[in-house]
Amino acid sequence: MMVDDSGNLSVEEWLSRAQELVPVALKKAREVKGFPGRWRMIISKLEQIPNRLSDLSSHPFFSKNALCKEQLQTVSKTLNEAVELAEKCMKEKYEGKLRMQSDLDALSGRLDLNLRDCGLLIKSGVLGEVTLPSSVASTSAAPEVAVHGNLRELLARLQIGHLEAKHKALDNLLEVMKEDEKNVLAVLGRSNIAALVQLLTATSPRMREKTVTVICSLAESGSCENWLVSEGVLPPLIRLVESGTTVSKEKATISLQRLSMTAETARSIVGHGGIRPLIEICQTGDSVSQAAAACTLKNISAVPEVRQALAEEGIIKVMMNLLDCGILLGSKEYAAECLQNLTSGNDDLRRSVVSEGGIRSLLAYLDGPLPQESAVGALRNLVGSVSTDILISLGLLPRLVHVLKSGSLGAQQAAASAVCRICASTEMKRLLGEAGCIPLLIKMLEAKANGVKEVAAQAIASLMSLAHNCREVKRDDKSVPNLVQLLDPAPQNTAKKYAVSCLFLLSSSKKCKKLMISYGAIGYLKKLTEMDIPNAKKLLERLERGKLRSLFSRK
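Residues numbered from 1 in each chain as written. Predicted model: local features only at pLDDT ≥ 70, side-chain atom pairs only at ≥ 80, totals over all residues. Heavy atoms only, no water.

Some points on the overall build of the protein chain
We count it as follows: Secondary structure counts use DSSP, requiring at least four H or I residues in a row for a helix and at least two E residues in a row for a strand, with both numbered from the N terminus. When we talk radius of gyration, it's over C-alpha atoms, and the globule rule is simply 2.2 Å times the number of residues to the 0.38. Using a 1.4 Å probe on the protein chains alone, a residue whose accessible area is under 20% of its type maximum counts as buried, one over 50% counts as exposed, and one in between counts as partly exposed.
The secondary structure content of the protein chain amounts to 35 helices and zero strands. Computed over its C-alpha atoms, the radius of gyration of the protein chain comes to 37 Å, more than 25% above the 24 Å expected for a compact globule of 555 residues. Overall, the protein chain is about 130 × 55 × 35 Å in size when its C-alpha atoms are taken along their principal axes. For the protein chain, the residues scored as buried account for 49% of the 555 residues in total.

Considering the side chain of Asn469
The condition that has to hold: Working rule for contacts: check all heavy atoms of both residues, and any pair within 4.5 Å makes them a contact.
Considering the arrangement of structural elements, one finds Asn469 in helix α30 (residues 467-475). Relative accessible area serves as the criterion here: at 0%, Asn469 is assigned to the buried category. Excluding anything up to four places from it in sequence, Asn469 contacts Lys429, Arg430, Gly433, Ile438, Leu463 and Met464.

Quick notes on the nonpolar core
What counts here: Joining through side-chain atoms within 4.5 Å is the link that ties buried Ala, Val, Leu, Ile, Met, Phe, Trp, Tyr and Cys residues into a set, and such a set is a nonpolar core.
Residues Leu506, Met516 and Leu525 are the most contacted members of the largest nonpolar core, which totals 139 residues. In contact with Met516, other than residues within four places in its own chain, are Val480, Val484, Leu503, Leu506, Ser507, Ala521, Leu539 and Leu543. Grouped together as the second largest cluster of nonpolar side chains are 40 residues, Phe35, Leu46, Val83 and Cys89 included.

Topic: the packing of helix α16 (residues 275-284) against helix α19 (residues 315-325)
Under the convention used in this document: Only the stretch in contact is used when a helix axis is fitted, and all axes are lines through C-alpha atoms; the angle between N-to-C directions ranges over 0 to 180 degrees. By the definition adopted for this analysis, an angle is roughly parallel if under 35 degrees, roughly antiparallel if over 145, roughly perpendicular if from 65 to 115, and oblique otherwise. By convention the crossing between two helices is left-handed if the near helix lies anticlockwise of the far one by an angle smaller than a right angle, and right-handed if it lies clockwise. Ten residues, namely Ala, Val, Leu, Ile, Met, Phe, Trp, Tyr, Cys and Pro, are considered nonpolar, four, namely Asp, Glu, Lys and Arg, are considered charged, and the remaining ones, Gly among them, are considered polar.
For the pair α16 and α19, the least separation of the axes is 10 Å and the interaxial angle reads 30°. It follows from the interaxial angle that α16 and α19 lie roughly parallel. Crossing hand, α16 versus α19: left-handed. Two secondary-structure elements touch here, α16 through Ile279, Cys282 and Gln283 and α19 through Ile315, Val318, Met319 and Leu322. Grouping the amino acids of the contact of α16 with α19 by side-chain chemistry returns six nonpolar, one polar and no charged.

Considering helix α4 (residues 66-91)
The line we're drawing: By definition here, a helix of n residues has an expected span of 1.5 Å times n minus one.
Its 26 residues place the ends of α4 38 Å apart at the C-alpha level, agreeing with the 38 Å of an ideal helix rising 1.5 Å per residue. Positive phi appears at Glu92, one or two residues downstream of α4, with a value of about 50°.

Side note on the pattern of salt bridges
As a reminder, the rule being used: Salt-bridge detection follows one rule: a side-chain nitrogen of Lys or Arg within 4 Å of a carboxyl oxygen of Asp or Glu.
A full pass over the atoms with the stated rule returns 24 salt bridges. We note a salt bridge from Arg351 to Asp348, for which the minimum N-O separation is 2.6 Å. Of the two residues, Arg351 and Asp348 both sit in helix α21 (residues 347-355), three residues apart, roughly one turn of that helix. Connected through salt bridges with shared partners, the residues Glu427, Arg430 and Glu434 form a single ionic network.

Section: the packing of aromatic side chains
Let me state the cut-off plainly: Stacked, edge-to-face and tilted are the three classes for Phe, Tyr and Trp ring pairs, Trp counted by its six-membered ring, which pair at centre distances within 6.5 Å; planes under 30 degrees apart are stacked, over 60 edge-to-face, the rest tilted. In this analysis the charged atom, NZ for Lys or CZ for Arg, is taken to sit over a ring once it is within 6 Å of the ring centre and within 35 degrees of the ring normal.
This model, assessed by the stated rule, comprises zero aromatic pairs. Looking at Arg17, its charged tip hangs above the ring of Trp14, at a distance of 5.4 Å from the centre. Its guanidinium or amino end placed over the ring of Phe504, Arg542 lies 4.3 Å from that ring's centre, counting from NZ or CZ.

Some remarks on the packing of helix α17 (residues 287-301) against helix α20 (residues 329-342)
With their axes 8 Å apart at the nearest point, α17 and α20 run at an angle of 15° to one another. As summarised for this structure, α17 and α20 are arranged roughly parallel, according to the angle between their axes. With respect to the hand of their crossing, α17 and α20 are arranged in left-handed fashion. For the pair formed by α17 and α20, the contact residues are Ser287, Gln290, Ala291, Ala294, Cys295, Leu297, Lys298 and Ser301 on the first element and Ser331, Tyr334, Glu337, Cys338, Asn341 and Leu342 on the second. Residue composition of the contact of α17 with α20, by class: seven nonpolar, five polar and two charged.

A few points about the confidence of the model for the protein chain
Worth spelling out the cut-off: Confidence of the prediction at every residue is given by pLDDT, a number between 0 and 100.
Across the protein chain, the average pLDDT comes to 88, with 92% of residues at 70 or higher. Long-range and interchain partners of residues 129-143, a stretch whose pLDDT sits below 50, account for 16 contacts in this model, where long-range means more than four residues apart.

Concerning the state of the cysteines
This is how it is decided: A pair of cysteine sulfur atoms is labelled a disulfide when the two atoms are within 2.5 Å.
Within the structure shown, the criterion is met by zero disulfides. Among the cysteines around Cys118, which has no disulfide bond, Cys68 carries the closest sulfur, lying 8.5 Å off. Free cysteine Cys423: the closest other cysteine sulfur is in Cys420, separated by 6.1 Å.

Some points on the environment of Pro398
Here Pro398 lies in helix α25 (residues 396-406). In this structure the C-alpha to C-alpha distance between Pro398 and Gly436, which are 38 residues apart in sequence, comes to 8.8 Å.

Here we look at the side chain of Lys332
Under the convention used in this document: Within this scheme the basic residues Lys and Arg register as positive and the acidic residues Asp and Glu register as negative, but His and the chain ends are omitted.
Examined against the element boundaries, Lys332 turns out to sit in helix α20. Buried charge without a salt bridge: Lys332, with Asp324 as the nearest opposite-charge side chain at an N-O distance of 6.6 Å. Once you skip the residues sitting within four places of it in the chain, Lys332 turns out to touch Leu322, Leu323, Asp324, Cys325, Gly326 and Tyr365.

Some points on the environment of Asn192
Within the secondary structure, Asn192 is located in helix α10 (residues 190-199). Not counting chain neighbours up to four residues away, the residues in contact with Asn192 comprise Leu155, Ala156, Gln159 and Val187.

Observations regarding unusual backbone geometry
Phi angles above zero are rare outside glycine, and Asp532 is one such case at about 60°. Structurally, Asp532 is set in the loop between α34 (521-530) and α35 (536-554). Positive phi is not limited to glycine here, since Asn535 has a value of about 70°. Along the polypeptide, Asn535 turns up in the loop between α34 and α35. Residue Asn535 is classed as partly exposed on the basis of its relative accessible area, which comes to 30%.

Here we look at the environment of Val386
Take Val386: it is sitting in the loop between α23 (373-382) and α24 (388-393). With residues near it in sequence (within four places) discarded, Val386 still touches Val354, Ile359 and Leu391.

Structure below.
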């Protein structure tokens with residue numbers, strides 16, 4: 001029934017053709033005697049087509065829309081197939097009963113798809129979005145509106161049509177996203193996200209691969225995480241991490257890495273069984289997948305209530321193995337951060353990390369040229385769970401000195417905090433002083449960050465209770481000026497009480513007292529005395545006595 005001039009027909013002509021074919025197909029279908037159940041089903045679907053065509057044709061932009069024309073062509077093709085199959089059944093000219101049953105089931109499926117797609121075209125609003133009214137086309141904004149219209153049409157194709165058409169739409173979308181991701185994100189709607197999430201479970205592995213590549217880009221853009229999660233993206237992503245192709249695994253893991261940055265989503269990943277597949281990627285994946293899986297698990301470990309579940313899946317050993325043998329530096333860093341999270345505030349997990357040899361792995365990782373904050377933070381969490389003899393035998397002290405000298409500011413802060421935690425005994429204070437910590441801690445007092453200055457001052461105050469260390473602080477030219485600066489009474493200066501303690505211990509030296517006075521300590525201490533900072537009053541009295549003596553001696 002289809003003729004050769006079909007390519008030149010207008011939308012209206014295709015509509016007429018489809019409308020003419022419906023009664024023909026229905027008449028033929030009703031005359032068939034064989035396969036009665038299947039034909040009843042087909043007839044009920046054929047009867048719904050006129051209403052769908054009427055809804056479609058009554059849309060204001062019906063005649064200007066390429067998707068309408070394609071949809072009418074598809075409907076006409078399906079109606080022609082219905083006529084042909086009906087004629088074959090009536091004449092009983094078919095290859096076999098099973099084959100005909102299969103053909104009828106396929107026809108029924110295509111009719112379902114045609115009805116669904118006609119409905120989607122109307123409900124999704126794509127007809128109004130795709131077409132440009134002539135008034136808009138003449139404005140200066142036309143190029144951008146045209147781009148958005150074309151993108152909406154492309155996104156609509158993800159929801160409409162058969163598998164091959166969706167493959168093509170995904171290919172086109174991937175190309176567009178490479179060139180113009182910003183415009184794609186501008187027109188992306190929730191229904192498009194839902195359509196993409198559905199395609200993640202398509203039977204074709206290639207389709208799943210293309211879809212997860214698009215979803216990975218969307219997740220990395222940071223603009224539609226909530227939509228992705230609320231439309232149910234997590235379970236199919238986890239299944240792809242578990243059993244997808246190499247590309248699918250990588251893209252799914254990177255998507256989860258991005259989505260797991262919020263605590264709520266991190267909990268959902270655990271709830272949907274995501275820990276085990278991610279741990280397996282850490283053990284067997286390529287470098288990119290391994291780093292993404294380690295980062296996802298690190299993000300999950302930031303949520304206190306799921307840490308026990310992570311431990312039960314064997315995460316401690318896996319993260320230590322990454323620290324020792326991770327392919328990328330990033331993997332090692334994420335592993336250290338994960339161990340830092342696991343060991344913060346949980347004695348059982350600290351003991352587990354220690355018993356698995358975690359301190360040795362973290363110390364070995366710190367030997368690198370740029371020791372990272374996370375590894376030092378994890379060590380700081382663990383030092384209280386081990387005897388000082390073991391810490392010394394494992395070589396903790398030279399590593400702390402290395403971090404104080406070469407680490408990032410955050411790493412230095414964590415190292416100074418570790419010093420505070422381990423220097424309870426006189427012997428440990430002596431060893432830390434001999435290792436060379438003191439000049440490095442004094443230099444840290446010059447940092448801009450209040451937290452860094454506070455922990456450095458606290459560490460110095462702890463070490464100075466040993467006379468030998470106190471003498472070393474006195475010998476350092478920077479100690480008094482740096483500590484006096486920390487007497488600033490401003491609320492954000494949290495180091496002032498430690499600075500007072502240090503300066504009080506130094507005030508037995510005449511030279512140090514003179515320096516304190518010359519750097520303006522008295523003015524600061526008067527304010528600190530009013531604020532009831534411990535020892536501020538005593539130190540002020542000492543300095544004022546010294547000032548009076550020097551005045552009398554000059555006379």
